[in-house]
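What follows is each chain in one-letter form.
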Amino acid sequence: MKSLFDNARSFTTHVAERAEEFRTLEAGQSPEVLFITCSDSRVVPSLITGARPGELFELRTAGNIVPEYRSDHPTGETATIEFAVRVLGVSDVIVCGHSHCGAVNALVSGGDLSGLPAVQGWLEHAASRPETTTPPSPDLAEAVQRHAVAQLERLYTHPCIAERVAAGTLAVHAWYYEVHTGAVQQYGPDHASFRPL
């Protein structure tokens, strides 16, 4: 914790060294991408993409889950998606799954989550179980990739997404990030598989 405090205390010096860049952020934000990924601390969107402050609008959930749109039951995730698409006007949405994902592992293995009722409820009501044709490997690659594609499909239940995609003003992507190598793959609907970017 001490290093976090030390960095926070000295951050004004870092900002002062890049004053012009940070001053532009005062006027507002105009990110091009909504980046939806897992809450896992090993997944750092700006590190993976090299994005500068103001370039990514992030939505982080356990298991990078995108809940289906329900107008009678708005959620924070739905509000974030709607704001990014309708107000900020992002041109791309990325759903990024990752290797060694605990949420997907729980979905695939059917592990006992009775001691984590909120997590269990989130996974049961918000996620489809990714099917695998073989027993999952330790990094869960196949299951995580199928899960990311399923979340991509859930995006289309959101009217703001469906409308913009139909108009050709928004593109959606599924990525798979390998935490131990840094490799990133993207899903290609034409070949129905993940390939290196």
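Every chain begins its residue count from 1, and numbering advances along the sequence as written. Side-chain atom pairs in this predicted model are given and counted only at pLDDT of 80 or more, local residue features only at pLDDT of at least 70, and totals for whole chains, interfaces and linings cover all residues. The side-chain values count all of the structure's non-hydrogen atoms but skip hydrogen atoms and water molecules.

1. A look at the nonpolar core
Here, nonpolar core refers to any group of buried Ala, Val, Leu, Ile, Met, Phe, Trp, Tyr and Cys residues whose side-chain atoms link them within 4.5 Å. Throughout, exposure labels follow a simple rule: accessible area from a 1.4 Å probe, protein chains only, divided by the maximum for the residue type, with under 20% read as buried, over 50% as exposed, and the rest as partly exposed. Counting 36 residues, the largest nonpolar core has Leu34, Ile36, Ile81, Val90, Val93, Leu155 and Ile161 as its most contacted members. Secondary-structure elements contributing two or more residues to this core are strand 1 (33-38), strand 2 (56-61), helix 4 (76-87), strand 3 (92-98), helix 5 (102-109), helix 7 (141-155), helix 8 (159-167) and strand 4 (171-177). Here, two residues are considered to be in contact whenever any of their heavy atoms come within 4.5 Å of each other. In this view, Ile81 contacts Leu34, Ile36, Leu59, Val66, Leu155, His158, Cys160 and Ile161; residues no more than four positions away in its chain are not counted. Of all hydrophobic cores here, the second largest spans 10 residues; its members include Phe35, Cys96, Trp175 and Val184. A run of DSSP states H or I qualifies as a helix once it reaches four residues; a run of E qualifies as a strand once it reaches two. Both are numbered from the N-terminal end.

2. So, the pattern of salt bridges
In the sections that follow, a salt bridge refers to a side-chain nitrogen of Lys or Arg positioned within 4 Å of a carboxyl oxygen of Asp or Glu. Here the structure, examined in full by the defined rule, presents 9 salt bridges. With its nearest N and O atoms 3.3 Å apart, the salt bridge here joins Asp6 to Arg9. Of the two residues, Asp6 and Arg9 both sit in helix 1 (residues 2-17), 3 residues apart, roughly one turn of that helix. Accessibility expressed as a relative area gives 31% for Asp6, which makes it partly exposed. We note a salt bridge from Glu163 to Arg86, for which the minimum N-O separation is 2.7 Å. Of this pair, Glu163 sits in helix 8 while Arg86 is found in helix 4, placing the two residues 77 residues apart along the sequence. Shared partners join several salt bridges into a network, and the residues in it are Lys2, Asp6 and Arg9.

3. Thoughts on the state of the cysteines
Any pair of cysteine sulfurs within 2.5 Å is marked as a disulfide. Throughout the structure, instances matching the rule amount to 0 disulfides. Unpaired in terms of disulfides, Cys38 finds its nearest cysteine sulfur in Cys101, a separation of 4.3 Å. Accessibility expressed as a relative area gives 6% for Cys38, which makes it buried. On the basis of relative accessible area, Cys101 is assigned to the buried category, the value being 1%.

4. Concerning the sheet that holds strand 3
A pair of strands is treated as paired once DSSP finds two or more bridges between them. The sheet built from 6 strands is open, its strands ordered 2-1-3-4-5-6 with mixed pairing. Because the sheet does not close on itself, it has two edges, and the strands there are strand 2 and strand 6 (193-196). Across this sheet, the average inter-strand angle for adjacent strands is 30°, counted without regard to direction. Strand direction decides the pairing type here: strand 1 and strand 2, joined by 6 bridges, are parallel. Across the sheet, residue Leu34 finds its bridge partner in strand 2, namely Phe57. Contacting strand 1, strand 3, strand 4, strand 5 (184-188) and strand 6, helix 7 crosses the sheet at an angle of about 160° to strand 4. Each axis is a line fitted through C-alpha atoms, and for a helix only the stretch in contact is used; angles between axes span 0 to 180 degrees, taken between their N-to-C directions.

5. So, the packing of helix 4 against helix 8
One way to put it is that helix 4 packs onto helix 8 with a least axis distance of 9 Å and a crossing angle of 35°. Taken as a pair, helix 4 and helix 8 cross one another with a handedness that is left-handed. Facing Ile81, Glu82, Val85 and Arg86 of helix 4, the residues of helix 8 in contact are Pro159, Cys160, Ile161, Glu163 and Arg164. Side-chain classes follow a simple rule in which Ala, Val, Leu, Ile, Met, Phe, Trp, Tyr, Cys and Pro form the nonpolar group, Asp, Glu, Lys and Arg form the charged group, and the remainder, Gly included, forms the polar group. In terms of residue class, the contact of helix 4 with helix 8 is made up of 5 nonpolar, no polar and 4 charged. The crossing is said to be left-handed when, going from far helix to near helix, the turn is anticlockwise and less than a right angle, and right-handed when the turn is clockwise.

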